[in-house]
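Listed below are the residues making up each chain.
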Amino acid sequence: MTSGSPSNVLFVVMDTVRKDHLGPYGYHRDTTPGLDKFAEEATVFDNAVAPAPWTLPVHASIFTGMYPSRHGADQENPYLEGATTLAQSLSAAGHETACYSSNAWITPYTHLTDGFDDQDNFFEVMPGDLLSGPLARMWQVLNDNPRLRKLADMIVSAGNTAHEYLSSGEGADSKTPRVIDRTKQFVEAAEAGDDDGWFSFINLMDAHLPYHPPEEFREEFAPGADSTEVCQNSKEFNSGARDIDDEEWEDIRGLYDAEIAHIDSQLTRLFDWLKATDRWDDTAVVVCADHGELHGEHGLYGHEFGLYDPLINVPLMVKHPEIEQGRREETVELIDLYHTVLDTFDADATATAADEEAVSLDRTRSLLADEYRAFDGVDDADPGQEAAPDGETGFVEYSRPVVELKQLEEKAADAGIELDEDSRFYARMRAARRADAKYVRIDRIEDEAYRLDGDPDETANLAGADGDADEEIEDVETELAVFENAVGGAWTGAAETEVTDESVEEMDEEIQDRLQDLGYME
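Cut-offs applied
- Residues numbered from 1 in each chain as written.
- Predicted model: local features only at pLDDT ≥ 70, side-chain atom pairs only at ≥ 80, totals over all residues.
- Heavy atoms only, no water.
- Helix = DSSP H or I, 4+ residues; strand = E, 2+ residues; numbered from the N terminus.
- Buried < 20%, exposed > 50% of the residue type's maximum accessible area, 1.4 Å probe, protein only.
- Polar contact = N/O pair within 3.5 Å; in protein donor to acceptor, adjacent residues only side chain to side chain.
- Pairing = 2+ DSSP bridges.
- Axes fitted to C-alpha atoms, helices over the stretch in contact; angles between N-to-C directions.
- Contact = heavy atoms within 4.5 Å.
- Core = buried A, V, L, I, M, F, W, Y, C linked by side-chain atoms within 4.5 Å.
- 1 Å grid on protein atoms, 1.4 Å probe; cavity = no way out; pocket = protein on both sides within 12 Å on 5 of 7 lines; lining within 4 Å.
- Points joined across faces, edges and corners; volume = space filled by probe spheres on them.
- Nonpolar A, V, L, I, M, F, W, Y, C, P; charged D, E, K, R; others polar.
- pLDDT = per-residue confidence, 0-100.

S.K.: How would you summarise the side chain of H212 if you had to cite specific residues and measurements?
M.R.: In this fold, H212 is placed in the loop between β5 (198–204) and α8 (215–221). When its relative accessible area of 17% is taken as the criterion, H212 is described as buried. Polar contacts involving the side chain of H212 include one to the side chain of S227, which spans 2.8 Å.

This is the structure in structure tokens:
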């Protein structure tokens, strides 16, 4: 950090927002006038790579500086355990910290909010009768019994279900305006005390399914679309239980655009307030997505079952006085943001307990450093640094999505469809992605490889292609192999197929009734 470093950091995650629907990345619709203006004074990164295609492991990586295989937070273990978080380190250094999120995976119950001085968790969006009683007891049962902890993801997802209920339909409102208001209140309170600088993290979930945008944005971007009629359950489509024609896809994309436009309007409100109160110049701002979304590409809907670029090549824009404004094409990994924030505050990470691990500031992963992503010769290199010393490759990990898989099986069964166990639905995946090439290792079906420089839509799979081998594909596959070796070996053997509800039988009848009410049991 230099003397010109800002005192504060605002970190914004636009959940599920793909970059090609944003103005700064060339989208033809005017979804983001506010971010268009923000991009003029920020650095726009074209090749930012998320470490996973869904919320929990991505945020755990941002908060710890670890790849998913190291921090271990996924749907089969929906907790961040044994790792010191960014917020814990910043709070220990004397900074005020806050996390306001409308995503149920980012809660005290998954431990992602550990260390934040103030936070907004998913129970605040639950209907009143769920705030206590059966739901609270259900969580306690799951949390205390190791055999039942695999069902904790259902409880977290129930929070998302409640959020979706409250932010959809006539007369309902989005939580995003309240997130913005809470952020403003936090900033004022932080600066009223001993002001050593503040860190505010917000996650805005409007663009996550289901899409029920406010009317003014729906009328502009999806006129005539009825959000209660279009397919809002990705598992219905992915299982083959429901078809979506071109007209319906257009309505879905229009509703998605309207949600993004609403996010943009609320971010603009926050940015304008920071400017009007003379806080803007002293605040570094990070805006990114944790992952994207598929709307029929590759025969998929949502953000499960693949590592295609609309999911893992995410938008990233950073306003920081030590980062030159403009456009940058080199690879950036979202885990680098952990180090960038530490560097901004001139802070480091120290384990908060004897059994916890803390990732120290590594300036080769800080966007502020001249040696950024110069990994050759790094002492104690992490798996990504070891695999790609030139820093031009990002790595992605995707373990089996047990919640989505269970729901997918149910939708298929209801439609009389039997899913193929040797399919991408049951597969684990890892990928190495450079700006020009990508290789995806998949444990149940054929690998995938693409020359992104000539095939950005990833239509021609070059993995195992006959004829002359592609040198760039070979290089990126080699890097993936080194990464896999560094994290404990490739996923080459298929994981156990069956996804069961056996542990549910151990719950009392009232808890089972609540799971049925929430749609997770028949």
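That was the structure; now back to the text.
S.K.: Requested: an account of the sheet that holds strand β9 (residues 313–319), with residues and values cited.
M.R.: Within the open sheet, the eight strands sit side by side as β4-β3-β5-β1-β6-β9-β2-β10. Their pairing is mixed. A single partner strand is all that each edge strand has here, and the edge strands are β4 (118–120) and β10 (326–333). Each strand of the sheet is rotated relative to its neighbour by a mean of 15°, with strand direction disregarded. Examined bridge by bridge, strand β3 (residues 96–101) and β5 share six bridges and lie parallel to one another. The residue bridging S101 from the neighbouring strand is N203, located in β5. Relative to strand β1 (residues 8–14), helix α10 (residues 246–276) is tilted by about 175°, and along the sheet it contacts β1, β5 and β6 (283–288). Docked against the sheet, helix α12 (residues 336–344) engages β1, β5, β6, β9 and β10, running at close to 160° with respect to β1.

S.K.: Could you give me a rundown of the nonpolar core, with the residues and numbers involved?
M.R.: Counting 117 residues, the largest nonpolar core has F11 and F199 as its most contacted members. Sort the elements by how many residues they give to this core and α10 lands first, with 11 residues. Here F199 is in contact with V9, F11, L86, L90, E96, T97, A98, F116, F186, V341 and F345, once residues within four sequence places are set aside. In terms of nonpolar packing, the next biggest core, distinct from the first, is built from 14 residues, I335, A432, I473 and V476 among them.

S.K.: Please provide a residue-by-residue account of empty space enclosed by the protein, values included.
M.R.: Under the defined criterion, the tally for this structure stands at two cavities of 30 Å³ or more. In this model, the largest cavity occupies a volume close to 50 Å³. Contributing to the lining of the largest cavity are V9, A284, V286, V318, H320, L337, T340, V341 and T344. Contributing elements (two or more residues each) for the lining of the largest cavity: β6 and α12. Taken together, the residues that form the lining of the largest cavity break down as six nonpolar, three polar and no charged.

S.K.: Explain α12 residue by residue, including any values.
M.R.: The periodicity of an α-helix, 3.6 residues per turn, causes residues three or four positions apart to be oriented the same way. Among the nine residues that make up α12, nine are buried, leaving the element largely enclosed by the rest of the structure. D336, L337, Y338, H339, T340, V341, L342, D343 and T344 are the residues of α12 that are buried. A positive phi of about 55° marks D346, the residue just after α12.

S.K.: So what's going on with the confidence of the model for the protein chain? Residues and values would help.
M.R.: Summarising the model, the protein chain shows a mean pLDDT of 86, and 83% of its residues fall at 70 or more. Throughout residues 166–172 the model reports pLDDT below 50, and contacts reaching past four residues in sequence, or to other chains, amount to 10 contacts. Throughout residues 499–508 the model reports pLDDT below 50, and contacts reaching past four residues in sequence, or to other chains, amount to 25 contacts.

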